[in-house]
Each structure stands twice: as C-alpha cells, then as structure tokens.
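Residues per chain are reported as follows:
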Amino acid sequence: MSKMIVANWKMNMTSAQANEFFDEYAKHIKKTKNKVVICAPFTTMPTVFKRRRLGFKLGAQNVHPAENGTHTGEISAKMLVDAKVTSVIIGHSERRAQFGECNSFINAKIKAAVAAGLQVIFCIGETADEREMGKTFEVLKKQFIEGMADIGAEAKKNIVIAYEPVWAISGGDPNKPSPTPKSAEIAEVHAFIRKLGKKQLKSSRIPILYGGSANDKNFKEIFVIENVDGALVGGASLVPSKFAAMCNFNK
Ligand code: PGA
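Computed from a prediction, not measured in an experiment: that's the story for all the values here.

Q: Which residues make up unusual backbone geometry, and what values do they have?
A: Notably, Lys10 is not glycine yet its phi reads approximately 50°, a positive angle. You can see Lys10 is positioned in the loop between strand 1 (4-8) and helix 1 (15-28). Not every positive phi belongs to a glycine, and Met13 is a case in point at roughly 90°. Position of Met13 among the secondary structure elements: in the loop between strand 1 and helix 1.

Here it is as structure tokens:
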C-alpha cells in the first residue's frame, strides 16, 4: 500500500536553503508510489514549486476562512491556489496553542479550503495532561466532530486526518527528544479515528496520518501499524536524507 508523507517545514527554510535541500534530496529520492507533499513557508513556495519534478506536491501551513479583506498578515484559499498549492495543514496544535485557534475557526478554515478545491490535512491530538487524565478519546472526538461540522459529502473526499499527540511533537531541540507513542497506542487511536470517520463522514477509507517525532529511524515500525496511511513530519523533513528515506518507503 502506498503511503502519504507530508513535510511540515514550519517556520524554516529560505529559498536558498530550500534549493540546497532539494539538491541533496535529489541524490536520495527514488521513484516512488507514495504521495509526497511539502508544506512550505509562503515566501519559499515559488522555489519549492520549481523543484516539483522531484515528485511531490506543494502544500501550505495555514489559510484564512475569508475570501479577502481586512485580515492583516493572513492568506486566503484562493491565494494558495494561485501559488499552485494543492494541500493545506489546518488545526495544527502549534496554531491552536500559539494563536488561539478554536474548533469553530478551524471548521471555517476547512470549509474555505475545500470550497477552493484544496486537500485539507486536518490535525487533531491530545496534550500530555489530557492523556494522563484519560481524556484522549474525548478530546479527539470533540476536535474531530467540531472541526468537521457541516462538511459536505463531496468535500469529505478531500480530507486527510493527521493524528498528532501534542506530547510527541518535537520541540526543535535535537538534544531533548520528545517521547514517541508505543505502536499499540498509535494503533488504538487510529482505529478510533477510523471509526469516527465511518460514523461522522460515512467514509471508510479516509487517510489517517501519524505525526509527532516521526523520523527515518522509526517510520518503518509506524508505517506497518494498522490504519496508518502515512506521516506528517516536522523536524526530520528538514534533513534531505532523512526525509527521502521516509518517502522511499516501499512495502
Ligand atoms: P515533528 O513535528 O515531526 O518535529 O515532531 C510534527 C508536526 O508538528 O507536524
């Protein structure tokens, strides 16, 4: 089964750095059936798009629900399409925590993105405290149901879920790695999300990615877990050889 591997470059990579990344990535990447998406910062998008023959699609990390108007610093779905973007990450925990994005705002973003024909990579995940209190499934269900509220049947075909336990996302310091969930923990949550997808979206094969310290060392273990259709990759996606190793997955 082919996988979907999404790079989340976050606030990293100037155009010059992206070109250096691709020069090196080209040496490692093989022809693959996997779907690769690189979610780049806005200013780096033209450079990333130019290198698309390396076999990936261009993605974005944010979108505003409005079509245009007085929203200083924001970007619309139409503008993303104009920049040749085909996928967009929505609901990432960093945006929820750092910019106060709530489920209803996320829902509005999802609606705007799918209306513009963009594929949505919709992130959900519990914090360490929520897991400790035994609230993981409750939190995920709320994020899922409220984020997906009133999404039309056609639009649902363009949605990918990313399960990202907040406690597993790397903090950017390689000397302080975050814990990664056990395979059984990932399997349990992905099975739960699969059920939610069937019930809420009437979709039996909505792709479900895992995200949170996924890297070249652990991806083979993660990719064979049932209901794991790929990965959303932060830190390891900035290192060409590591990211290419993950994209080359073949099983
Ligand atoms: P990480 O980030 O792979 O660096 O943990 C994943 C993400 O935040 O999407």
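Now that the structure is up, let's keep going.
Q: Give me the lowdown on the pattern of salt bridges, citing residues and values where you can.
A: All chains considered together, the criterion is met by twelve salt bridges. Taking the shortest distance from any N to any O, the salt bridge between Glu94 and Lys10 comes out at 2.8 Å. Here Lys10 lies in the loop between strand 1 and helix 1 and Glu94 lies in helix 4 (residues 93-98), a separation of 84 residues in the sequence. The salt bridge involving Glu146 is made with Lys142; its shortest N-O contact spans 2.7 Å. Of this pair, Glu146 and Lys142 both sit in helix 7 (residues 136-147), four residues apart, which is roughly one turn of the helix. Given the relative accessible area of 32%, Glu146 is considered partly exposed. Beyond isolated ion pairs, a larger network of salt bridges with shared partners links Arg95, Glu101 and Lys109.

Q: Help me get a handle on the side chain of Ser237, residues and values and all.
A: Along the polypeptide, Ser237 turns up in the loop between strand 8 (230-233) and helix 11 (240-247). Judged by relative accessible area, which is 0%, Ser237 ranks as buried. A polar contact is formed between the side chain of Ser237 and the backbone oxygen of Gly234, at a distance of 2.7 Å. Beyond its immediate stretch of four places on either side in the chain, Ser237 contacts Ala7, Asn8, Trp9, Phe21 and Phe243.

Q: Hey, could you go over the layout of surface pockets for me, with residue numbers and the actual values?
A: Here the largest pocket is characterised by a volume of approximately 1,100 Å³. Lining of the largest pocket is provided by 42 residues; of these, Asn8, Lys10, Asn12, Gly234 and Gly235 occupy positions nearest its centre. Within the residue set of the lining of the largest pocket, elements represented by two or more residues are helix 4 and strand 8. Broken down by element, the lining of the largest pocket gets its largest block of residues, three residues, from helix 4. Across the lining of the largest pocket, the residue classes break down as 16 nonpolar, 17 polar and nine charged. Considered as a void within the structure, the second largest pocket measures approximately 360 Å³ in volume. When its residues are assigned to classes, the lining of the second largest pocket shows ten nonpolar, four polar and six charged.

What counts and how
- Residues numbered from 1 in each chain as written.
- Predicted model: local features only at pLDDT ≥ 70, side-chain atom pairs only at ≥ 80, totals over all residues.
- Heavy atoms only, no water.
- Helix = DSSP H or I, 4+ residues; strand = E, 2+ residues; numbered from the N terminus.
- Salt bridge = Lys/Arg side-chain N within 4 Å of Asp/Glu carboxyl O.
- Buried < 20%, exposed > 50% of the residue type's maximum accessible area, 1.4 Å probe, protein only.
- Polar contact = N/O pair within 3.5 Å; in protein donor to acceptor, adjacent residues only side chain to side chain.
- Contact = heavy atoms within 4.5 Å.
- 1 Å grid on protein atoms, 1.4 Å probe; cavity = no way out; pocket = protein on both sides within 12 Å on 5 of 7 lines; lining within 4 Å.
- Points joined across faces, edges and corners; volume = space filled by probe spheres on them.
- Nonpolar A, V, L, I, M, F, W, Y, C, P; charged D, E, K, R; others polar.

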